[in-house]
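Close look at the chain arrangement
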Amino acid sequence: MSAETVIRLSDGLLNVEILPEAGGRIAAFWSEAEGARTDWFVPRPHSGAAGGGSTAWGSFPLVPFSNRIRDGHFVWNGEEHTIAVTEKSAPHAIHGHGRAVPWNVDALSDTRAELSYAYPGDDWPFPYRARQVLDLAGGTLGISMALENTGATSMPGGLGHHPYLPWRGGPMLETRFDSIWPAVDGVIPAGPETVPGDLEFSGGQGRVLVRGLDTGFGGWGGHAQVRWPAEGLSLEINGSDTLAHAILFTPEGRPFFCVEPVTHCIDAINLAASGVAETGMQAVLPGESIAASMRFRPGIDKR
């Protein structure tokens, strides 16, 4: 396969395209009925089109950690480690590196793809094996992930996915969070706080999303409903118990937003080491694994 190889899964109405050698990334997720296409994730721009250089499309796997590690530096098992700084215009490591390595296709059918890669331990100083299964079933897109420690010592680990959802006419979000992890230093939090009223998304129809968020939330209830009322569209997101955190990213003036189900908070490895509780940071023992799964269920109002 080349980096441009595209795997397409289809169950008749729902479709997904995957780029296995370009970070195991979802390039598009859409419904198609009666000649009309509805994109649930922002699709990859066509080469040469306006915005063709953007990376804000599809959804990519977050492995072996989610979001940022301050200054790319942390201590684990009493040893200091510094990994590559990968955030643009900031001094942090971000989003792991599963999104930047080729994934092998281990099994493939019309509605299911099983992907994996083995990491020998290099910049990230722990060897591991990552797995990702994408499937279309029952009108939903499922993503299951696993991270196996193939080394001889424990390693920190985290998982998640980073979908880019179309802003359209303005979305509403209905979900429940127990805490907010607001940034106190750029985009890095110091710990959990009570969710303020203007960011309380539970109950009824939820709340209109505001711009300008790049914020983590804890105690996620594992269920979220995104609605685009003007278009009569909705997207239900359900996550496993291991996905106890979420990141909301709603940058100003961009045609997308992100609701990212993740296993731990921003900079969890350093916050946990400093004694902060409920970070979601996990130690993965040799030969053991952590896992997470989520499903996306589209809805179209046919009235």
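Attention in this report is confined to the structure presented alongside it. Please read these numbers as outputs of a predicted model, since none were measured by experiment.

Within the protein one finds one helix and 28 strands. The globule rule puts the C-alpha radius of gyration for 303 residues at 19 Å, and the 19 Å found for the protein is close to it. Viewed in the frame of its principal axes, the protein has a C-alpha envelope of about 60 × 50 × 35 Å. Going through the 303 residues of the protein one by one, you find that 51% of them count as buried. In the protein, of all internal contacts separated by at least 6 residues, the share reaching a separation of at least 24 is 63%. Where the 21 positive side-chain charges of the protein centre and where its 34 negative ones centre are 7 Å apart.

What follows is about the sheet that holds strand β11 (residues 112-119). The sheet built from nine strands is open, its strands ordered β10-β11-β12-β13-β28-β24-β23-β17-β21 with antiparallel pairing. Here the strands that pair on one side only, and so sit at the sheet edges, are β10 (104-108) and β21 (207-208). Sheet topology note: the strand β23 (residues 223-228)/strand β24 (residues 233-239) ladder contains six bridges and is antiparallel. Directly across from Trp228, in β24, lies its bridge partner Leu233.

So, about the layout of surface pockets. Leftover empty space is mapped by rolling, across the atoms, a probe with the size of a water molecule. Size it by volume and the largest pocket reaches roughly 570 Å³. Grouping the constituent residues of the lining of the largest pocket by class yields seven nonpolar, seven polar and eight charged.

Below, the discussion takes up the pairing of strand β12 (residues 128-137). A regular strand places its side chains on the two faces of the sheet in alternate fashion. The buried count for β12 comes to seven of ten residues, which makes it a mostly enclosed element. Pairing between β11 and β12: eight bridges, direction antiparallel. Counterpart to Ala118 in the pairing with β12 is Arg129. Here β12 pairs with strand β13 (residues 140-149) via ten bridges, running antiparallel. Its bridge partner lying in β13, Ala137 is registered against Thr140.

Applying the stated criterion across every chain yields a total of one cavity of 30 Å³ or more. Approximately 40 Å³ is the volume found for the largest cavity. Considering the residues around the largest cavity, the lining is formed by Phe65, Arg68, Ile69, Trp124, Pro156, His264, Ala268, Ile269 and Met281. Breaking the lining of the largest cavity down by element, the ones donating at least two residues are β6 (68-69) and α1 (268-273).

We now examine the nonpolar core. The biggest cluster of nonpolar side chains holds 69 residues, and the ones touching the most others in it are Phe29 and Trp124. In this structure, Val42, Leu62, Ile247 and Val262 belong to the second largest nonpolar core, which totals 14 residues.

Here we take up the pattern of salt bridges. Going through the model one piece at a time under the given rule, you end up with nine salt bridges. Here Arg112 ties to Glu114 by a salt bridge, and the two come within 3.2 Å at their closest N and O atoms. A salt bridge links Arg295 to Asp135, with the nearest nitrogen and oxygen atoms 2.9 Å apart. Taken as a pair, Arg295 in strand β28 (residues 289-300) and Asp135 in strand β12 lie far apart in primary sequence, 160 residues in all. You can call Asp135 buried: its relative accessible area is 12%. One network of salt bridges, in which partners are shared, links Arg68, Glu87 and Asp214.

Right, let's get into the environment of Gly160. Residue placement: Gly160 occurs in strand β15 (residues 160-163). A relative accessible area of 0% places Gly160 in the buried class. Between the C-alpha atom of Gly160 and that of Ser144, which follows or precedes it by 16 residues, the distance is 9.6 Å. What Gly160 contacts, discounting residues up to four positions off in sequence, is Phe60, Pro61, Leu62, Met145, Pro261, Val262 and Met294.

About the thresholds
- Residues numbered from 1 in each chain as written.
- Predicted model: local features only at pLDDT ≥ 70, side-chain atom pairs only at ≥ 80, totals over all residues.
- Heavy atoms only, no water.
- Helix = DSSP H or I, 4+ residues; strand = E, 2+ residues; numbered from the N terminus.
- Rg over C-alpha atoms; globule rule 2.2 N^0.38 Å.
- Buried < 20%, exposed > 50% of the residue type's maximum accessible area, 1.4 Å probe, protein only.
- Contact = heavy atoms within 4.5 Å.
- Lys, Arg positive; Asp, Glu negative; His and termini not counted.
- Charge placed at Lys NZ, Arg CZ, Asp CG, Glu CD.
- Pairing = 2+ DSSP bridges.
- 1 Å grid on protein atoms, 1.4 Å probe; cavity = no way out; pocket = protein on both sides within 12 Å on 5 of 7 lines; lining within 4 Å.
- Points joined across faces, edges and corners; volume = space filled by probe spheres on them.
- Nonpolar A, V, L, I, M, F, W, Y, C, P; charged D, E, K, R; others polar.
- Core = buried A, V, L, I, M, F, W, Y, C linked by side-chain atoms within 4.5 Å.
- Salt bridge = Lys/Arg side-chain N within 4 Å of Asp/Glu carboxyl O.

Any functional reading would require information that these geometric values do not contain.
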